[in-house]
Amino acid sequence: RAKYSFVFLRCPFARLASCFLDKFVGGSPETEKYLNALGTRMDIGDLTFRGFCLSLGSPQMLSANIHWAPQVNFLVYDTYDDYFCLERFGDAIVPLREKAGLEIIDARSATRHGIDQLRRLDSPEMYGDAAITKLRALRASGKTPDPQALYDADLVGFVGETYAEDIALYNARFPGQSLFPTQPA
């Protein structure tokens, strides 16, 4: 019955990389929630992005936390008046002001949420198998791997299957907006 409805969608590949680099490498309480859901007492510093992704292969783990549960699980309506792409966040400011009277303030830099304040490494090195301890050392020096450097072809395939509904919705609503990393044909 809403007069106006909207939703932000994020590229599933970027979303998982961001979750891992921000929450896990950054050392948020999400790591303890992850370990509890996993049912193990492993040293979180030994976890890799690959290990994190592969653990999401079980339905219990996939739905254990809002930061990595499929976005389609959160949709309230079958359709929305507007779909906004998080990667083009600024495109939503004017429509939301005009249609809903919302004044959007991007506070990510003020809250230090994310990895935007870190220098992204421009390196051919693949970081999908790098332990959190190595990634935390990079972070401590003000650096972070490029999120795409977490993926190899196997992880692209696994995440593509695991988040197939999210990817289909994203592609349907944002045709031509490339997913990262580009999915193999």
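To be clear, the structure that these remarks concern was listed above.
What you see is a predicted model, and the numbers here were worked out from it, not measured in a lab.

The rules behind each value
Residues numbered from 1 in each chain as written. Predicted model: local features only at pLDDT ≥ 70, side-chain atom pairs only at ≥ 80, totals over all residues. Heavy atoms only, no water. Helix = DSSP H or I, 4+ residues; strand = E, 2+ residues; numbered from the N terminus. Buried < 20%, exposed > 50% of the residue type's maximum accessible area, 1.4 Å probe, protein only. Contact = heavy atoms within 4.5 Å. Areas by Shrake-Rupley, 256 points an atom, 1.4 Å probe, with all protein chains shown as cover. Lys, Arg positive; Asp, Glu negative; His and termini not counted. Charge placed at Lys NZ, Arg CZ, Asp CG, Glu CD. Axes fitted to C-alpha atoms, helices over the stretch in contact; angles between N-to-C directions. Parallel < 35°, antiparallel > 145°, perpendicular 65-115°, else oblique. Nonpolar A, V, L, I, M, F, W, Y, C, P; charged D, E, K, R; others polar. Core = buried A, V, L, I, M, F, W, Y, C linked by side-chain atoms within 4.5 Å. Phe/Tyr/Trp six-rings, centres within 6.5 Å; stacked < 30°, edge-to-face > 60°. Lys NZ or Arg CZ within 6 Å of the ring centre and 35° of its normal. Arc of directions from axis to C-beta.

**Overview of the overall build of the protein chain**
Phase 1: Across its full length, the protein chain holds nine helices and four strands.
Phase 2: Mapped in sequence order, the helices and strands of the protein chain form the string β-α-α-α-α-β-α-α-β-α-β-α-α.
Phase 3: In terms of principal-axis extent, the alpha carbons of the protein chain reach across some 50 × 35 × 35 Å.
Phase 4: A burial count over the protein chain gives 43% of its 185 residues as buried.
Phase 5: For the protein chain, long-range pairs separated by at least 24 residues make up 74% of all intrachain contacts whose partners lie at least 6 apart in sequence.
Phase 6: Taken as a whole, the protein chain presents about 10,100 Å² of accessible surface, with 51% of it coming from carbon and sulfur.
Phase 7: In the protein chain, the 20 positive side-chain charges and the 23 negative ones have mean positions that sit 5 Å from each other.

**Side note on the packing of helix H1 (residues 12-24) against helix H7 (residues 132-140)**
Phase 1: Between H1 and H7, the least distance of the axes is 10 Å, while the angle of their chain directions is 75°. Compared by their axis directions, H1 and H7 come out roughly perpendicular. Residues Phe 20, Leu 21, Asp 22 and Phe 24 of H1 form the contact with H7, whose own contacting residues are Ile 132, Leu 135, Arg 136 and Arg 139.
Phase 2: Per-class residue counts for the contact of H1 with H7 are five nonpolar, no polar and three charged.

**A few points about the nonpolar core**
Phase 1: Counting residues in hydrophobic clusters, the biggest one holds 44 residues, and the most contacted among them are Leu 16, Phe 24, Phe 52 and Tyr 151.
Phase 2: Looking at which element gives the most residues to this core, the answer is H1, with eight residues.
Phase 3: What Leu 16 contacts, discounting residues up to four positions off in sequence, is Phe 49, Phe 52, Cys 53, Leu 56, Trp 68, Tyr 151, Val 159 and Tyr 163.

**Description of the packing of aromatic side chains**
Phase 1: In the structure shown here, the tally under the stated rule is 20 aromatic pairs.
Phase 2: Seen from their ring centres, Phe 20 and Phe 24 are 5.7 Å apart, and the 20° between their planes marks the pair as stacked. In this pair, Phe 20 and Phe 24 are both assigned in helix H1, four residues apart and thus about one turn of the helix distant.
Phase 3: Overall, Phe 24 belongs to the buried group, its relative accessible area being 0%.
Phase 4: Aromatic pair Phe 49 and Phe 52: ring centres 6.4 Å apart, planes at 45°, arrangement tilted. Taken as a pair, Phe 49 and Phe 52 lie in helix H3 (residues 49-55) at a separation of three residues, close to a single helical turn. Per residue, the accessibility class of Phe 49 equals that of Phe 52, and both read buried.
Phase 5: Put simply, the rings of Phe 13, Phe 20, Phe 24, Tyr 34, Phe 49, Phe 52, Trp 68 and Tyr 151 touch in pairs and so form one group of aromatic residues.
Phase 6: One Lys or Arg, Arg 173, reaches over the ring of Tyr 83 and ends 3.9 Å from the middle of that ring.

**Quick notes on helix H9 (residues 164-173)**
Phase 1: Buried residues of H9: Asp 166, Ile 167, Leu 169 and Tyr 170, and no others. Buried residues in H9, looked at end-on, bunch into an arc of 165°, giving them a common side. In H9, those exposed residues whose orientation departs by more than 90 degrees from the buried face are Glu 165 and Ala 172.
Phase 2: Elements in contact with the buried residues of H9: strand E1 (6-9), H1, strand E2 (82-85) and helix H8 (153-162).

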